[in-house]
Amino acid sequence: MNLPFSVDLELVDSMRYHLEINPVFNGSHIFSADSIIPTPLSKAREEYSMAGYHMDQIIRTPDVIDVFNHPAIIDFLELYFGCVPTLYSLASWWAFPGSNPEKLNVQHFHRDVDDWKFCTVFLYLTDVDQDAGPHQLIPGSHRKEMMELLLKRAASRGADISNFDLEKSFASYFGEDFSRQCEEIFSSDIKSVTGPRGTLSLVNTVNIHRGLLPTKSERLLIWARYGLGPNVNSTNLEQGPKGRDIVPTNLID
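Quick look at the structure, then. Being a predicted model, the structure only gives us computed values, none of them experimental.

Before going further, it helps to examine the overall build of the chain. What the chain contains, in helices and strands, is seven helices and 10 strands. For 253 residues, the compact-globule formula gives about 18 Å, and the C-alpha radius of gyration of the chain, at 18 Å, lands near that figure. Projected onto its principal axes, the C-alpha coordinates of the chain cover approximately 55 × 45 × 30 Å. Considering the chain as a whole, with its 253 residues, one finds that 50% of them fall into the buried category. Taking all contacts inside the chain whose residues are at least 6 apart in sequence as the whole, residues at least 24 apart take part in 84%. Carbon and sulfur atoms form 53% of the exposed surface of the chain, whose accessible area is close to 12,200 Å². Of the charged side chains in the chain, 22 are positive and 33 negative, and the gap between their average positions amounts to 4 Å.

Take the packing of aromatic side chains next. The tally for this structure, following the rule as stated, stands at seven aromatic pairs. The interplanar angle of 45° and the centroid separation of 5.4 Å between the aromatic rings of Y80 and F81 together place this pair among those described as tilted. A relative accessible area of 31% means that Y80 is categorised as partly exposed. Geometrically, the ring pair formed by F122 and W223 is stacked, given 5.5 Å between the ring centres and 20° between the ring planes.

Ordered by their spatial adjacency, three strands build an open sheet running β7-β6-β9, and the pairing between neighbours is antiparallel. This sheet does not close on itself; its edge strands, each paired only once, are β7 (191-193) and β9 (209-211). Geometrically, the sheet is characterised by an average inter-axis angle of 20° between neighbouring strands, direction not taken into account. Two elements, strand β6 (residues 135-137) and β7, share three bridges in a ladder whose sense is antiparallel. From the neighbouring strand, H135 faces β7, where its bridge partner is V193.

Moving on: the nonpolar core. Y53, F68, L90, L123, L125, L200 and Y226 are the most contacted members of the largest nonpolar core, which has 36 residues in total. Look past the residues within four positions of Y53 in its chain and what remains in contact with it is L19, E20, N22, P23, V24, F25, L41, I58, S92, W94 and L220. In terms of nonpolar packing, the next biggest core, distinct from the first, is built from 14 residues, M50, L137, V193 and V203 among them.

Criteria and thresholds
- Residues numbered from 1 in each chain as written.
- Predicted model: local features only at pLDDT ≥ 70, side-chain atom pairs only at ≥ 80, totals over all residues.
- Heavy atoms only, no water.
- Helix = DSSP H or I, 4+ residues; strand = E, 2+ residues; numbered from the N terminus.
- Rg over C-alpha atoms; globule rule 2.2 N^0.38 Å.
- Buried < 20%, exposed > 50% of the residue type's maximum accessible area, 1.4 Å probe, protein only.
- Contact = heavy atoms within 4.5 Å.
- Areas by Shrake-Rupley, 256 points an atom, 1.4 Å probe, with all protein chains shown as cover.
- Lys, Arg positive; Asp, Glu negative; His and termini not counted.
- Charge placed at Lys NZ, Arg CZ, Asp CG, Glu CD.
- Phe/Tyr/Trp six-rings, centres within 6.5 Å; stacked < 30°, edge-to-face > 60°.
- Pairing = 2+ DSSP bridges.
- Axes fitted to C-alpha atoms, helices over the stretch in contact; angles between N-to-C directions.
- Core = buried A, V, L, I, M, F, W, Y, C linked by side-chain atoms within 4.5 Å.

Have a look at this one:
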């Protein structure tokens, strides 16, 4: 869902400027990158389909830590989790216009399974319409009983659901075949999250989701993942702790 507030455009433009002057690597995330060799953004725009940033670059971005520690976000997640949430991962990447989705699954429908309970907040740093690669999801697909309803509704529309294994979809949730099947069966249920730069959206990414391939304009976003504690996608697996003095923040502690 889109959050009922957005980030001030001056802050958004400051974040984007900071990231644009930094080199990037080939891929959306350090754990799945084709190459982590630093590359100028201008060159990446010509040669890559997606370009990502190291955690060290993201955490130095002005106001990022403050935005993702906004009391409205933390208070909501504390109620949802039943405990104080852990902000365990920050990631940022560009998606450039192209004709074929990249092969690392981000632009194919898939699920995330980081923790027993977790949520993701996306921040658009560019304007995102249907041609700029919006985040897409199938609402309700994070729960088995809701998946049953989605499949029943798809069958009533004439979709062939005979080869869709509901339980397996929670265990084997990557790949082009899975994505193609989701497109065919749930085409009427796909929701696109669009909005101007500064838009914040909160998503349970156990839901089947993807970043749609941009066709006309590039997209830059930052996303933050919150869970119950450290897990398989925690930032500490990428790098060790950083001193508070390198983090531009107004947080007092």
